[in-house]
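# Architecture at a glance
What follows is each chain in one-letter form.
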Amino acid sequence: ILVNEISTLRRHAEAKFSGKYRKWAKEHSFESMLPGDVKARKQNAAQQNISAHLTERKLAERVVLYSDKLFKQAAIEWLVATDQPIQALEHPKFKEMIDVAARATNGIKIPGRKATRAEIMRTFKTHLTGLRSKLNVSKVDHIVRYLLN
């Protein structure tokens with residue numbers, strides 16, 4: 001059979017001799033030019049190019065869009081679950097905390113118990129040390145040493 005077009009020859013080779021051709025190509029480290037193989041490589045390359053730009057987010061990381069209704073529901077659930085007084089939502093420090101969290105661009109990281117305790121202790125120590133230097137009273141010095149040890 002004489003064929004004057006390469007593409008027709010490749011389709012014929014794929015239909016009649018694909019097994020032998022692929023074996024020969026593999027043995028000679030040759031990239032298969034059969035239409036099906038070329039198409040598969042192109043699709044795979046396109047998928048790899050797209051995949052490189054995508055990042056999978058875990059379900060828990062997906063950000064839910066803000067709404068007043070959703071915030072109200074979450075605030076009420078927090079009040080009930082943590083046995084907070086209703087006035088806690090009106091406290092200036094609660095509002096400050098919400099304002100700080102609202103500026104986050106990639107979600108927030110809530111510190112654990114150990115980190116929170118350590119930060120409270122550090123803040124307390126700093127406050128007492130500052131108070132001691134302001135008052136410069138020996139009795140306060142004994143209290144500070146007692147509380148810090």
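Above: the structure in question.
Calculation notes
- Residues numbered from 1 in each chain as written.
- Predicted model: local features only at pLDDT ≥ 70, side-chain atom pairs only at ≥ 80, totals over all residues.
- Heavy atoms only, no water.
- Helix = DSSP H or I, 4+ residues; strand = E, 2+ residues; numbered from the N terminus.
- Expected span 1.5 Å × (residues − 1).
- Buried < 20%, exposed > 50% of the residue type's maximum accessible area, 1.4 Å probe, protein only.
- Contact = heavy atoms within 4.5 Å.
- Salt bridge = Lys/Arg side-chain N within 4 Å of Asp/Glu carboxyl O.
- Phe/Tyr/Trp six-rings, centres within 6.5 Å; stacked < 30°, edge-to-face > 60°.

Okay, helix α3 (residues 68-81) next. Note that an α-helix has 3.6 residues per turn; residues three or four places apart therefore point the same way. With 14 residues, α3 extends 20 Å from end C-alpha to end C-alpha; this agrees with the ideal 20 Å at 1.5 Å per step. Positive backbone phi, approximately 55°, marks Asp-83, located one or two places after α3.

On to the side chain of Asp-37. Structurally, Asp-37 is set in helix α2 (residues 35-53). Its relative accessible area of 17% is what places Asp-37 among the buried residues. Excluding its chain neighbours within four sequence positions, the residues that come into contact with Asp-37 are Glu-14, Arg-22 and Ser-32.

Our focus in this paragraph is the pattern of salt bridges. As enumerated under the stated definition, the model contains four salt bridges in all. Note that Arg-22 is salt-bridged to Asp-37, the shortest N-O span being 3.0 Å. Taken as a pair, Arg-22 in helix α1 (residues 6-27) and Asp-37 in helix α2 lie far apart in primary sequence, 15 residues in all. Residue Arg-22 is classed as partly exposed on the basis of its relative accessible area of 36%. Note that Glu-96 is salt-bridged to Lys-93, the shortest N-O span being 3.1 Å. In this pair, Glu-96 and Lys-93 are both assigned in helix α4 (residues 92-102), three residues apart and thus about one turn of the helix distant. On the accessibility criterion, Lys-93 (53% relative accessible area) is exposed.

Applying the stated criterion across every chain yields a total of four aromatic pairs. Measuring from ring centre to ring centre gives 6.2 Å for Tyr-21 and Trp-24, while their planes differ by 35°; the resulting arrangement is tilted. With Tyr-21 and Trp-24 both in helix α1 and three residues apart, this pair spans about one turn of that helix. On the basis of relative accessible area, Trp-24 is assigned to the partly exposed category, the value being 40%. Following the ring pairs from residue to residue traces out a cluster consisting of Tyr-21, Trp-24 and Phe-30.

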